[in-house]
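As a plain string of letters, each chain reads:
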Amino acid sequence: MFHIRKTYQGLNPEMLYEELRDLAGKQGLLAEEAGLQTYPLSSGATQTRAVMKLKTSKAEGEKECGSAHIIGSPSGETKMILDMDENLFPADRLKTMQENLDFILGSYEERR
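Just so it is clear, the model here is predicted, and its values are computed rather than measured.

Thresholds applied
- Each residue is numbered by its place in its chain's sequence as written, counting from 1.
- With the structure being a predicted model, the display of local features is reserved for residues of pLDDT at least 70 and the display and counting of side-chain atom pairs for 80 or more, all residues being used for whole-chain, interface and lining totals.
- The basis for the side-chain values is all heavy atoms of the structure; hydrogens and waters are excluded.
- Strands are runs of DSSP state E lasting at least two residues, helices are runs of H or I lasting at least four, and both sets are numbered from the N terminus onward.
- As defined in this context, the radius of gyration uses C-alpha atoms, and a globule is described by 2.2 Å times the residue total to the power 0.38.
- Accessible area is worked out with a 1.4 Å probe on protein chains only. A residue is then buried under 20% of its type maximum, exposed over 50%, and partly exposed in between.
- What makes two residues a contact is simply this: any of their non-hydrogen atoms within 4.5 Å.
- Exposure was quantified through the Shrake-Rupley algorithm and a 1.4 Å probe, taking into account, for residues, occlusion by the shown protein chains and nothing else.
- Salt bridges are defined by distance alone: a side-chain nitrogen of Lys or Arg within 4 Å of a carboxyl oxygen of Asp or Glu.
- For a helix, the expected span equals 1.5 Å multiplied by the residue count minus one.
- For this quantity, the arc is that covered by the directions from the helix axis to the C-beta atoms.
- Any pair of nitrogen or oxygen atoms within 3.5 Å is treated as a polar contact; in protein, a donor-acceptor pairing is required on top of that, and neighbouring residues in sequence qualify only through side-chain atoms on both sides.

Draft legend 1. View of the overall build of the chain. Within the chain, the secondary structure is distributed over two helices and five strands. Helices (α) and strands (β) of the chain occur, in sequence order from the N terminus, as β-α-β-β-β-β-α. Here the C-alpha atoms of the chain give a radius of gyration of 14 Å, agreeing with the 13 Å that 2.2 N^0.38 yields for 112 residues. Seen through its C-alpha atoms, the chain measures out along the principal axes to roughly 45 × 25 × 20 Å. Within the span of the chain, comprising 112 residues, buried residues form 36% of the whole. Sequence-distant contacts in the chain: of pairs separated by 6 or more residues, those separated by 24 or more amount to 58%. Here the chain displays about 6,400 Å² of accessible surface, and carbon together with sulfur accounts for 50% of that area.

This is the structure:
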């Protein structure tokens, strides 16, 4: 399993979800919406949680090859974990997807 972990500041979790879905589609993956929820907190603020399952194309048999988990906090921090099975999704396509994600959203990324 290959893991990509990112922390963003000031990035709307829904925007990250949509961008990741579109980038996955460009790499021939099917993004299956597993859920996008917003939870109220006792402070009156909200927290967003999104889960996306990624599958290979219909031509490749629609096998589940990864998932993305996104959490957006009231402080403006958005965290993402992208897990991919490198046996079902080639490393070069994953690298391209990661490079595109970094290019588009890199200015929001927290550097630790």
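Draft legend 2. Main features of the environment of L88. With respect to the helices, strands and loops of the structure, L88 is situated in the loop between β5 (77-84) and α2 (91-105). If we ignore the near neighbours within four places in the chain, the residues touching L88 are T56, K63, E64 and C65.

Draft legend 3. How the structure looks around the pattern of salt bridges. On inspection of all chains with the given rule, the structure shows eight salt bridges. As a salt-bridge pair, D22 and R21 come within 3.3 Å of each other at their nearest N and O atoms. According to the relative accessible area criterion, D22 is partly exposed, its value standing at 39%. Here R21 falls in the partly exposed class, since its relative accessible area comes to 33%. As a salt-bridge pair, R93 and E60 come within 3.8 Å of each other at their nearest N and O atoms. Of this pair, R93 sits in helix α2 while E60 sits in the loop between β3 (46-55) and β4 (64-72), and the two are 33 residues apart along the sequence. By relative accessible area, which is 36% here, E60 ends up partly exposed. Within the structure, one salt-bridge network assembled from shared partners comprises K6, D102 and E109.

Draft legend 4. Representation of unusual backbone geometry. Its identity as a non-glycine residue notwithstanding, E62 has a phi of 50°, on the positive side. Examined against the element boundaries, E62 turns out to sit in the loop between β3 and β4.

Draft legend 5. Geometry of helix α1 (residues 13-26). Its 14 residues place the ends of α1 20 Å apart at the C-alpha level, agreeing with the 20 Å of an ideal helix rising 1.5 Å per residue. Buried within α1 we find P13, L16, Y17, L20, L23 and A24. For α1, the arc enclosing every buried residue in end-on projection is 135°, short of the 170-degree limit, so these residues lie on one face. The N-terminus of α1 is capped by N12, whose side-chain oxygen sits 2.7 Å from the backbone nitrogen of E14. Following α1 by one or two positions, G28 has its phi on the positive side, about 85°.

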